[in-house]
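Residues per chain are reported as follows:
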Amino acid sequence: MRYLPGQAQQLPGNRSALASYQASHFRFEVEGAVATLTLNRPERKNPLTFDSYAELRDLFRALAHADDVKAVVITGAGENFCSGGDVHDIIGPLTQLDMPGLLAFTRMTGDLVKAMRACPQPVISAVDGICAGAGAILALSSDLRLGTARSKTAFLFTRVGLAGCDMGACALLPRVIGQGRAAELLYTGRSMSGIEAERWGFFNSVSEPATLLADAQALAASLATGPTFAHGMTKKMLQQEWNMGVDEAIEAEAQAQAICMATNDFHRAYHAFVAKQRPVFEGD
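Everything numeric in this text was worked out from a predicted model, so none of it was measured.

**Comments concerning the environment of Thr36**
Here is step 1: With respect to the secondary-structure elements, Thr36 resides in strand S4 (residues 34–39).
Here is step 2: Judged by relative accessible area, which is 6%, Thr36 ranks as buried.
Here is step 3: With 88 residues separating them in the primary sequence, Thr36 and Ile124 have C-alpha atoms 9.5 Å apart.
Here is step 4: Setting aside its immediate chain neighbours within four residues, Thr36 contacts Arg27, Phe28, Glu29, Val73, Thr75, Leu213 and Gln217.
Here is step 5: For Thr36, the side chain forms a polar contact with the side chain of Gln217, separated by 3.0 Å.

Given below as C-alpha cells:
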C-alpha cells in the first residue's frame, strides 16, 4: 500500500485522519464526517489521467484507516461527472506501450475499484451530465448513486475498439441492473439516460441538477451519523457474499452480526429505545 506522505495524520492503532489531506489531482474536502471528492477538470468534462487514477487508488486505500471520514461523496465540477480516461493524457500514450506496460495500467485501474469496494465507508456518486467509460465505472463501483434526468451514462469501451469487460464491469454491472440490460450497455456502448438509469436501478434516485450534490451530501451525512462500524460490516458482507453459497453466507452473516452485537452502538440503541430516545451512534 502507498500511503499519502505528509498528508494523512497517523494515529495509534493503524488509524489516520484525512481532514487535512490536500489532493493534487482533484479536490478533497471533509465537512463533519463526510468527505467530498470532486473531479476538477470541468473544461474537459473531468477526465482521468495516469496521476489522478493513482492518487484516487491511494486515497481510497488510505480511507480504510481514516477515523474522521465516515462517508464519501464523489462528484464532478461543472455540469458533468467524468468523461473517462483523458484521450490525450491516457489513450494516446497507451497506444505506444508494450504488453507489460498495458497490463500494469489495467491492473492499476482495477486496483482503484478494489480500493473503493474495500474501504469501509459508504461511497455515494452524485452523477450529472456525462458519465462515461472509466467515469461510469467510478459510479458503478460506488455503493449508492444519485443522478439527474439529463445525465448520460455510457460504458463506451466498445466504441474505442475495446471489450466491455473493463475494471470489473462484467462482474459489477449485471449485479446492479441485471444480466440482459448490462449486456446491452456493454456490447453497444450506448448512453443510458438518467430516467432510464433510475428505472433500471442504476441510480437510487434522481435529483434536480441544482440540488444533486446537496442531496448526496445529506444522504452521506445521514449515514455518517449512523452505526458506522455496522455500515462497514454491511459493505464488507455485500462484497464478500458474491462469492459464497447461501449456507456459507448465512454463517458469515451470523458471525458478522455477533460482532456487531458486541459493539457499544448496539447497546446505545437498546438503552435509547428503553428511554424512548433517539440513539446517538459513535461508530464503536
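**Observations concerning the pairing of strand S5 (residues 71–76)**
Here is step 1: Judged by how many residues are buried, S5 sits mostly within the fold: 6 of 6 residues are covered.
Here is step 2: In this region the chain leaves S4, passes through helix H1 (residues 50–63) and returns to the parallel neighbour S5; the handedness of that crossover is right-handed.
Here is step 3: Judged from the 3 bridges that link them, S5 and strand S6 (residues 123–127) form a sheet pairing that is parallel. Following the sheet pairing, Val72 is matched in S6 by Val123.

**Focus on the environment of His271**
Here is step 1: Counting through the fold element by element, His271 comes out in helix H11 (residues 264–274).
Here is step 2: Residue His271 is classed as exposed on the basis of its relative accessible area of 51%.
Here is step 3: The spatial distance from the C-alpha of His271 to the C-alpha of Ala134 is 46 Å, given a sequence separation of 137 residues.

**Focus: the nonpolar core**
Here is step 1: If you look at the biggest cluster of nonpolar residues, it comprises 53 residues, and the most contacted ones within it are Phe60, Phe155 and Phe202.
Here is step 2: Those residues in contact with Phe60 that sit more than four places away from it in its chain are Leu37, Val72, Ile74, Leu112, Ala115, Met116, Cys119 and Val123.
Here is step 3: Judged by nonpolar contacts, the second largest core, of 11 residues, contains Val34, Ala71, Ala216 and Ala220.

Calculation notes
Residues numbered from 1 in each chain as written. Predicted model: local features only at pLDDT ≥ 70, side-chain atom pairs only at ≥ 80, totals over all residues. Heavy atoms only, no water. Helix = DSSP H or I, 4+ residues; strand = E, 2+ residues; numbered from the N terminus. Buried < 20%, exposed > 50% of the residue type's maximum accessible area, 1.4 Å probe, protein only. Contact = heavy atoms within 4.5 Å. Polar contact = N/O pair within 3.5 Å; in protein donor to acceptor, adjacent residues only side chain to side chain. Right-handed = clockwise from strand over helix to strand, strands pointing away. Pairing = 2+ DSSP bridges. Core = buried A, V, L, I, M, F, W, Y, C linked by side-chain atoms within 4.5 Å.

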